[in-house]
Amino acid sequence: MSRAFNFSAGPAALPEPVLRQVQAELMEWQGERASVMEVSHRGAAFVECAAAAERDLRELMAIPDDYHVLFLQGGATTLSALLALNLAGPDQVADFVLTGHWGEKAVDNTRPSMKVNIAASSKAGGYADIPARGGWQLTPGAAFVHYTPNETIHGVEFHDIPDVGGVPLVADVSSNFLSRPVDVSRFGVLYGGAQKNLGPSGLAIAIIRKDLLGKHGRELPPIFELLNQANNDSMFNTPPTFAWYVLGLVLKWIRAEGGAAAIGERNARKAAALYAAIDGSGGYYRNPVAPAARSTMNVPFFLPDAALDKPFLKEAEAAGLLGLKGHRAVGGMRASIYNAMPEAGVAALADFMADFARRNG
């Protein structure tokens, strides 16, 4: 078997040590004489597996005690709809700062449940930058302010946490979960799907300040009431057990790699190397994002002629570089260099790009 470097935006690459452990434990897990996918989520073995994952996540992110940590079915799209129902009543307003496709998705999922104000947007400029903070039109007394710190499609990232005063800040961190240290106390909610940096698809995580739940004044179906999940250790219904188990292994891998600080330093080196390959190509490759807003996780780039896209992708795949096709909304190429992507993978991509440019320039 020759395992390739996987630059897919999600579901994305998982650390090889994690995959090998999953492989070794697949038939029989922890002496249970059954797979982790087959044991009861209420049995002692899985309850401890779930609790260990929460302990590790709390430690790695330094999550304060006054925050719930929920492990739920679905993804960020599901959670954006549930958060609108759980954080506010229908007459309240949520502010949104839009820097790409996933921010738009969150707006679409919020509108049916409450009022929405687009406080700022960089759509007019093709989502190639972040709106200047001085121009944000925030609503006094808003229920929350929502933003997407990293937009996977457009490759735009906030490199600081915006100050929105005393209003709860809600962030979809699907694509930069644990990619570097973050001050959780600055947020009301951090949420996202696991399938980019933390595990397989099907699992969503929500880190919610405890005082924000249970005050919406709505009559919700019990399964939509996040407080029910919080009060039942995320087991109000059957959770996605396999994905939760794999996430727990990924968290242990991150801890063994040195934690969020060490992962963040490595991610910064990877991004710098890839942007250097683009910027140093003499214009052959082009990244459209304002340099100060470039993503550390998702690097879109374009060749000088779209007719070269198919040959580039075909040759890249033959060279062991997978998942480089850009999103259909923007075209071109995109290299997603999440936590599990080793520096050797980025170096291999940079070498291939230089060789391709020499042969096709």
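Residues numbered from 1 in each chain as written. Predicted model: local features only at pLDDT ≥ 70, side-chain atom pairs only at ≥ 80, totals over all residues. Heavy atoms only, no water.

Can you explain the pattern of salt bridges? Please cite residues and give values.
Under the definition given, this model contains 16 salt bridges. Arg 58 is the partner of Glu 54 in a salt bridge, and the nearest nitrogen-oxygen pair spans 3.0 Å. Placement of the pair is Glu 54 and Arg 58 together in helix 2 (residues 44-61), with a separation of four residues, close to one helical turn. Judged by relative accessible area, Glu 54 falls into the partly exposed class, the value being 23%. Between Arg 209 and Asp 211 there is a salt bridge, and its shortest N-O distance comes to 2.6 Å. Here the salt bridges do not stand alone but share partners, grouping Asp 56, Glu 59, Lys 252 and Arg 255 into one network. (Salt bridge = Lys/Arg side-chain N within 4 Å of Asp/Glu carboxyl O. Helix = DSSP H or I, 4+ residues; strand = E, 2+ residues; numbered from the N terminus. Buried < 20%, exposed > 50% of the residue type's maximum accessible area, 1.4 Å probe, protein only.)

How would you sum up the nonpolar core? Please name residues and give values.
Counting residues in each nonpolar core, the largest one holds 56 residues, and the members touching the most others are Phe 46, Leu 57, Met 61, Leu 178, Leu 198, Ile 207 and Leu 247. If one sorts the elements of this core by residue count, helix 6 (residues 241-256) sits on top with ten residues. Other than its neighbours up to four places away in sequence, Phe 46 contacts Trp 29, Val 36, Val 39, Ser 40, His 41, Met 235, Thr 241 and Trp 244. Core analysis: the second largest hydrophobic core is formed by 28 residues, Leu 70, Leu 83, Ala 143 and Val 170 among them. (Core = buried A, V, L, I, M, F, W, Y, C linked by side-chain atoms within 4.5 Å. Contact = heavy atoms within 4.5 Å.)

Go over the layout of surface pockets with me, naming the residues and quoting the values.
Size it by volume and the largest pocket reaches roughly 290 Å³. Together, 20 residues line the largest pocket, and Thr 77, Trp 102, Ser 174, Gln 195 and Lys 196 are the ones closest to its centre. For the lining of the largest pocket, the element with the highest residue contribution is helix 3 (residues 76-87), accounting for three residues. Along the wall of the second largest pocket there are 18 residues; nearest its centre are Asn 176, Arg 180, Pro 181, Val 182 and Phe 187. Residues of the lining of the second largest pocket, tallied by class, amount to twelve nonpolar, three polar and three charged. (1 Å grid on protein atoms, 1.4 Å probe; cavity = no way out; pocket = protein on both sides within 12 Å on 5 of 7 lines; lining within 4 Å. Points joined across faces, edges and corners; volume = space filled by probe spheres on them. Nonpolar A, V, L, I, M, F, W, Y, C, P; charged D, E, K, R; others polar.)

How would you summarise unusual backbone geometry if you had to cite specific residues and measurements?
Following Gly 10, the chain continues to Pro 11 via a peptide bond in cis, the omega torsion being 0°. In this structure, Pro 11 sits in the loop between strand 1 (5-6) and helix 1 (16-25). Although it is not a glycine, Arg 33 adopts a positive phi angle of roughly 60°. Summarising the element assignment, Arg 33 is placed in the loop between helix 1 and helix 2. Non-glycine residue Asp 233 carries a positive phi angle of around 55°. As for its position among the elements, Asp 233 is in the loop between helix 5 (226-231) and helix 6.

Purely geometric stuff here, so don't read any function into it on its own.
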